[in-house]
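# Examining the three-dimensional arrangement
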Amino acid sequence: MEITLTSPLDMHLHVRDGEMLKLVAPLSARDFAGAVIMPNLVPPVTDDQALQAYTKRVLEASCSEHFAPLMTLFFRNYTEAELLAALSIPGFFGIKLYPAGVTTNSDSGVSSWQMAEPTLRCMEALGIPLLVHGESHGFVMDREEQFLPIYRHLAEQFPKLSICMEHITTVAALHLLDEYENLCATITLHHLEFTLDDLLGGAMKPHLFCKPVAKRSEDREALLHAALSGHPRVMFGSDSAPHPLHKKECCGCAAGVFSAPVALPALAKIFAEHGAADKLQAFVSGNACHRYNLTPPLKKVTLRDTAMQVPVIYRGYGQSVVPLHTEEQLPWSVCAVQE
Ligand code: NCD
Ligand code: ZN
């Protein structure tokens, strides 16, 4: 059996910088026609110069002319002039908002919603998408649900602002999504595959630890249903977030799952097993293109039900990073890419 995808997109991707960028960017650029690149570098990407320079580094590292990085700024209070300057930069896509301190490199995120309003108003007027890491500082399993009233407030206060609920993990988030047309959502591969039990119900698996943490099986089932049924406002966003081996296999493990190199084969497995192979195109490209009016580079990626042996580790440029499904054999693989 084969599935051919047209211009697959990863709508939430961390490629980092420096040597790690060189190691991981080509892995996404090989399988995807484009990806929304997260801005939580150290320091975060918060002005047009940094954005332009980072875009150049991502393009260089991706080693492909058929991969479009969709670049984001890290949310702070921007003036209209700054937003207009960002809009004039080729590849600029949107602004990623992190509540202060909720995840990796988010210390300078938002701590006052009121102060953020003028920038949000301006983004709404200029048609700049807002992407949100929606977690509170509460109990780890409740953080997403506790954030939902803020999504509701944003959706109501800014009805023309396109708001993406990033990496949703709960039934409750899906219910809210259905209430407001100006909300959309990304769903990761790992939240379609795993629950909290897989992370720490048996031996603790640091490579499955990410934020938001995987939730209950009923949450996973609901996410699967949304993806497999072709829900028009859910999009694939891997949230592939590489951390060096020594930052994962240690006391104080960093949050992030490195899924980019296995994303499409693992998604093909899930969709084929559920008899929904015909819905994969919408999930990995069609819904995002429609939502954001995107025309990514043309790239045909063919997946086949022949095994992929997942490497134990990806090494290069002095970096070592362990992929999701390390050492496993996946029943699907990418067999051809036509550009
Ligand atoms: C991400 C990272 O490592 O940058 N980590 C994660 O667990 N997902 C940040 C994020 O998206 O929360
Ligand atoms: Zn992320």
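Structure: above.
Residues numbered from 1 in each chain as written. Chains lettered and ligands numbered in written order. Predicted model: local features only at pLDDT ≥ 70, side-chain atom pairs only at ≥ 80, totals over all residues. Heavy atoms only, no water.

If you look at the biggest cluster of nonpolar residues, it comprises 97 residues, and the most contacted ones within it are Leu 130, Met 165, Leu 267 and Phe 283. Look past the residues within four positions of Leu 267 in its chain and what remains in contact with it is Leu 189, Leu 192, Phe 236, Leu 280, Phe 283 and Val 284. Val 36, Phe 74, Leu 131 and Cys 184 belong to the second-largest nonpolar core, a separate cluster that totals 16 residues. (Core = buried A, V, L, I, M, F, W, Y, C linked by side-chain atoms within 4.5 Å. Buried < 20%, exposed > 50% of the residue type's maximum accessible area, 1.4 Å probe, protein only. Contact = heavy atoms within 4.5 Å.)

A separate point is the side chain of Thr 195. Summarising the element assignment, Thr 195 is placed in the loop between helix 7 (189-193) and helix 8 (196-200). Each residue touching Thr 195, except ones within four places of it in the same chain, is listed here: Ala 214, Lys 215, Arg 216, Ser 217 and Arg 220. (Helix = DSSP H or I, 4+ residues; strand = E, 2+ residues; numbered from the N terminus.)

This next bit is on the site of ligand 1. In the vicinity of ligand 1 lie 15 residues, with Arg 16, Asn 40, Thr 103, Lys 211 and Asp 239 positioned nearest. Contact between ligand 1 and His 14: an oxygen atom at 3.1 Å from a side-chain N or O atom of the residue. The side chain of Thr 104 places a nitrogen or oxygen atom 3.2 Å from an oxygen atom of ligand 1. A molecule is said to occupy a pocket when more than half its atoms come within 2 Å of that pocket's grid points, and by this definition ligand 1 occupies the largest cavity. Tallied by class, the residues present in the shell around ligand 1 amount to three nonpolar, nine polar and three charged. (Near = heavy atom within 4 Å. Polar contact = N/O pair within 3.5 Å; in protein donor to acceptor, adjacent residues only side chain to side chain. 1 Å grid on protein atoms, 1.4 Å probe; cavity = no way out; pocket = protein on both sides within 12 Å on 5 of 7 lines; lining within 4 Å. Sits in = over half its atoms within 2 Å of the grid points. Nonpolar A, V, L, I, M, F, W, Y, C, P; charged D, E, K, R; others polar.)

Note that the residue after Val 42, namely Pro 43, is joined by a cis bond; omega there is -5 degrees. Among the structural elements, Pro 43 can be located in the loop between strand 3 (34-37) and helix 2 (48-62). Of note, the bond from Lys 211 into Pro 212 is cis; its omega dihedral lies within 30 degrees of zero at -5 degrees. Inspection of the secondary structure assignment puts Pro 212 in the loop between helix 8 and helix 9 (217-228). A positive phi is found at Ser 7, a non-glycine position, where the angle reads about 45 degrees. With phi around 60 degrees, Arg 16 is a residue other than glycine that occupies positive phi space. For Arg 16, the location among the structural elements is in the loop between strand 2 (9-13) and helix 1 (18-31).

Glancing now at the coordination of the zinc ion (ligand 2). The zinc ion (ligand 2) binds to the protein through His 12 (NE2), His 14 (NE2) and Asp 239 (OD); the donor distances cover 2.0 to 2.1 Å. One can describe the site at the zinc ion (ligand 2) as irregular: its four donor atoms subtend angles covering 91 to 140 degrees at the metal. Donor residues for the zinc ion (ligand 2) sit on one chain with the sequence pattern H-x1-H-x224-D. Of this pair, His 12 sits in strand 2 while Asp 239 is found in the loop between strand 9 (234-236) and helix 10 (245-248), placing the two residues 227 residues apart along the sequence. (Donors = N, O, S within 2.8 Å, 3.2 Å for Na, K, Ca; no water. Tetrahedral: all angles 85-135°; square planar, octahedral: opposite > 155°, others 65-115°.)

Relative to the 16 Å expected for twelve residues at 1.5 Å per residue, helix 9 spans 16 Å between its end C-alpha atoms, a close match to the ideal helical length. What helix 9 keeps buried is the set Asp 219, Leu 223, Leu 224, Ala 226, Ala 227 and Leu 228. Close packing links the buried residues of helix 9 with helix 6 (171-179), strand 8 (183-187), helix 7, strand 9, helix 11 (263-273) and helix 12 (280-292). Positioned one or two residues after helix 9, Gly 230 has a phi angle of 75 degrees, which is positive. (Expected span 1.5 Å × (residues − 1).)

A full pass over the atoms with the stated rule returns three cavities of 30 Å³ or more. Looking at the largest cavity, it is lined by 18 residues, and the ones nearest its centre are His 14, Thr 103, Lys 211, Asp 239 and Ala 241. A breakdown of the residues in the lining of the largest cavity according to their chemical character gives five nonpolar, nine polar and four charged. (Points joined across faces, edges and corners; volume = space filled by probe spheres on them.)

Judged by how many residues are buried, strand 8 sits mostly within the fold: five of five residues are covered. Both faces of strand 8 are covered, namely the face carrying Leu 183, Ala 185 and Ile 187 and the face carrying Cys 184 and Thr 186. As paired elements, strand 7 (residues 163-165) and strand 8 share three bridges and run parallel to each other. Bridge assignment links Met 165 to a residue of strand 8, and that residue is Ala 185. In this region the chain leaves strand 7, passes through helix 6 and returns to the parallel neighbour strand 8; the handedness of that crossover is right-handed. Pairing of strand 8 with strand 9, which is carried by three bridges, proceeds in the parallel orientation. By the bridge assignment for strand 9, Ala 185 is matched with Val 234. (Pairing = 2+ DSSP bridges. Right-handed = clockwise from strand over helix to strand, strands pointing away.)

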